[in-house]
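Examination of the molecular architecture
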Amino acid sequence: MSEILGIINFESNAVEVSGLSDYRGIPSLSFMGRYRIIDFVLSNMSNSAISNIHIHVRGNSRSISEHVGTGRHFNINSKRGSLHVFSNESEMKASAYHTDISSMSQNLEFLSDADEQYVLIAPSYFVYSFDYNDLLAEHLKSNADISMLYKSTDNANEVCIGCDTLSYEKDGCNPDLRRVVSIGVNRGKHKNRSISLECYLMRKSLLLELLKEAREISPFYWLKDIIREKVDELAINGVALRHPVRCINSLESYYTTHMNLIDQSKSKAFFREDWPIFTRTSDSPPTLYNSTARVKNSTISNGSMIMGTVENSIIGRNVVIEEGAVVRNSIILTRAHIASGIELDRAIVDKRAKVFNAKNICAAADDIIYIGRSETV
Amino acid sequence: MRNNQMVAMILAGGRGTRLYELTDKVAKPAVYFGGKYRIIDFPLSNCANSGVQTVGVLTQYESIFLNSYVAQDSRWGLDTRDGGVYVLPPREKSGGFSIYRGTADAITQNIDFLDQKEPDHVLILSGDHIYKMDYSKMLKQHEDNNADATIAVLEVPLKEASRFGIMNTDENDRIIEFEEKPQQPKSNLASMGIYIFSWKRLKQYLLADEKKEDSEHDFGKDIIPAYLKANRSLYAYRFKGYWKDVGTIDSLWEGNMDLIDPKSGLDIFDPSWRIYSEDITYPAHTITDTAKISNSMVNQGCLIEGEIKRSVLFHDVVVAKGASVVDSVLLPGTRVEAGAKLKKVIVGEGVVISARKKVGTDGEVTLVSKDI
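Comments concerning a positive patch on the surface
- Among the surface-exposed residues, A:Arg294, A:Lys296, B:Lys292 and B:Lys309 lie close enough to one another that they form a single positively charged patch.
- Structurally, B:Lys292 is set in strand β17 (residues 292-294).
- On the basis of relative accessibility, which here comes to 56%, the residue B:Lys292 falls in the exposed class.

Here's the deal with the interface of chain B and chain A
- Between chain B and chain A, the contact holds 36 residues from the first and 36 residues from the second.
- Summing the contributions of chain B and of chain A, the shared interface buries around 2,800 Å²; its carbon and sulfur component is 51%.
- A salt bridge links A:Arg72 to B:Asp79, with the shortest nitrogen-to-oxygen separation between them at 3.1 Å.
- The interface formed by chain B and chain A includes 19 residue pairs in polar contact (both at pLDDT 80 or more).
- Sorting the residues of the side of chain B that touches chain A by element identifies β16 (285-287), β17 and β18 (296-298) of chain B as the ones contributing at least two each.
- Of the residues contributing to the side of chain B that touches chain A, the split by class is 18 nonpolar, 13 polar and five charged.
- One ladder, built from three bridges, connects strand β16 (residues 298-300) of chain A with β16(B); its direction is antiparallel. In the strand pairing of β16(B), A:Ser298 is matched with B:Ile287.

Side note on the environment of B:Tyr100
All names here are of chain B.
- With respect to the helices, strands and loops of the structure, Tyr100 is situated in the loop between β7 (96-97) and α3 (103-108).
- Sequence-wise, Tyr100 and Thr366 are 266 residues apart; in three dimensions their C-alpha atoms are separated by 33 Å.
- Tyr100 has contacts with Leu58, Thr59, Gln60, Leu88, Pro89, Pro90, Asp105, Ala106, Gln109 and Asn110, leaving out every residue within four places of it along the chain.
- A distance of 2.7 Å separates a polar side-chain atom of Tyr100 from the backbone oxygen of Leu88.

The rules behind these values
Throughout this document, residue positions are counted from 1 along each chain, in the order its sequence is written. The naming scheme follows written order: chains are lettered A onward, ligands numbered 1 onward. Local features in this predicted model are restricted to residues whose pLDDT is 70 or higher, and side-chain atom pairs enter the listing and the counts only when it is 80 or higher, whereas totals over whole chains, interfaces and linings include all residues. Side-chain figures throughout are based on the complete set of non-hydrogen atoms in the structure, without hydrogens or water. The patches reported here contain residues having more than 30% relative accessible area and no salt bridge. Joining distances are 9 Å for like charges and 5 Å for nonpolar side chains (Val, Leu, Ile, Met, Phe, Trp, Tyr). Accessible surface is estimated by sampling points in the Shrake-Rupley manner with a 1.4 Å probe; for residues, cover comes only from the protein chains shown. The working definition used for a salt bridge is a side-chain nitrogen of Lys or Arg within 4 Å of a carboxyl oxygen of Asp or Glu. Under the counting rule used here, the positive set is Lys and Arg, the negative set is Asp and Glu, and His together with the chain ends is not counted. The atoms used to mark charge sites are NZ of Lys, CZ of Arg, CG of Asp and CD of Glu. Elements are defined by DSSP. Helices are runs of H or I of four residues or more, strands are runs of E of two residues or more, and each kind is numbered from the N terminus. Only protein chains enter the accessibility calculation, which uses a 1.4 Å probe; a residue whose area is less than 20% of its type maximum is buried, one above 50% is exposed, and one in between is partly exposed. Two residues form a contact once any of their heavy atoms are found within 4.5 Å. As a working definition, buried area equals the accessible area (1.4 Å probe) given up by two parts on being put together, with both sides summed. Think of a polar contact as two N or O atoms within 3.5 Å of one another; within protein, one of them needs to be a possible hydrogen donor and the other a possible acceptor, and neighboring residues in sequence only count if both atoms come from side chains. We call Asp, Glu, Lys and Arg charged. Ala, Val, Leu, Ile, Met, Phe, Trp, Tyr, Cys and Pro are nonpolar, and the rest, Gly among them, are polar. Only strands that DSSP links by at least two bridges are regarded as paired with each other.

Right, dumping it as structure tokens:
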């Protein structure tokens, strides 16, 4: 049994994939055709043998609850392991009160009762494949109070805008400690930054103390706020993630990440053979291509029927692209239907949308068009 | 369906020698079909979709894989509280150990299992046919007729009728005669090997048949004739739709090709009648800019850089640049290296076709079961 309790945290207000996230939280967003964003952090935990997992959801938890189910399809033992979905039931109406601190505090007994000594807290919106036991090993070696994952980036002026950054120093007396000395925000002004993945490992007892302290300071405090404040007081160890990371915190990053990962030489670091990414099956048949299909450089999910032209695009499950339809540089989500004669370029078509009448939906070079869930255009 | 109203028993013990190397290590029902399925997914999904919740699977030949495959009953949603998939290979009993000597004997040896479930009716299925069928409709007719047995039949062209077991019926579709592969067929109603029996009556006949020394203990050859001889009420249930026995390399290939032919009548896209299978963790497949694809079915995990025409690709297949795959079926993990040409072949699981190799002809289907 793992010594780590997994906590999947929700993202702060700053993270918004406009359009798509109006209908569901970031963790439920479709990813690479057949996945949801949350599948990565959840599979990472499951593959790391973490079997007691708390998922905190902001707002409506229906889609996440249905998606994760008992956890069986994420390879979590349904008797020894457990998967709890907590929706933030704060009595405060204003969204500013809906912090991760308040969500964890409301469900404090689930934390206190857990047998695990350590907690690992991570949000969904950073996508990577990683064994959290490696983080635990670094943590134990460093003797730190908290270990946090970060990614060194050389294009921080383009990605991870609004994310936390950290700076660290070698500790004089402890060579295994890469001591975090300050935590700031990436405003996109510099290329080289160490981006915090908001993934923290610490003793459960320390988390309980931090929760208590944060609530005493302010109801608007998030976990990352109290950790930032404790930088001098606590030994915080920065652990660099060597694997590639994608940060999904805006419509643009959502789009660019998808376009980028069509290339299998890039996507294979996220879908490693020894590190399966689990998701919920839809029992769809394989993709069917007919005689009029023209497909180039695209990633296509099961259950879809491709009769038209698809280029540089991601096609979700059970999508229909009719003969004579042209889809370029676009992301088409589950059960969308693109009719004959339609031309799409740089579009994101949400779940169940039907594009029947509009002739050309082509965004300008630096723009993206979004077609809402279940809309008919 | 009330849980003990009908229990299904799937006969899945056959080797399927005419599938050659494809059944070297697995029984015929476990053979791959249609890009992501195994043949037995079809009867199991039909059971689940028809509301038949308790299913016994009678295995014998190379049963290790098949036993573990069907035992994971959640794949078909058959893991309900009172239902489940029960794996029933031959077992040692106080009287000794005996293999299943025939289709009927397989049921006779599991009378204790059925008695424990106390079903009103038993549905006998074979584990090697591709079709979609609502067994609850057949059961309704069986109950409406107050029949002792109901046999599903398919209307086949009269000139092909001599290849099948043929049911001769009266005007009410009551079966008056059964002829196995008749030279001069009197009707075109071919038995699909799908039977519903009222359990109490069937048990009597099975126990009587067990004692007969000259019996082959077979439903078609012994049990049905005994019912007819005793003037029991047997009815034909007319099934309309796609049905195929995929017991040979040719018919297995044809069945796969039917999936990409819109006129074949085999539709696995109908969301109201899903075919369920093992849940594979590969990501969606990728078609690169050097690829060309038409009239094909492709499963997750594939990387397509070459040309694919009229073919069915299972998961984790790689077709490299300049390779061409035409009229073919590639089982999981196949690697087709650069410039290789495949025409009308079935390539076995994990087989590598080296660069620039040419395999297959326009004529017979070629089975490739080793790296070349």
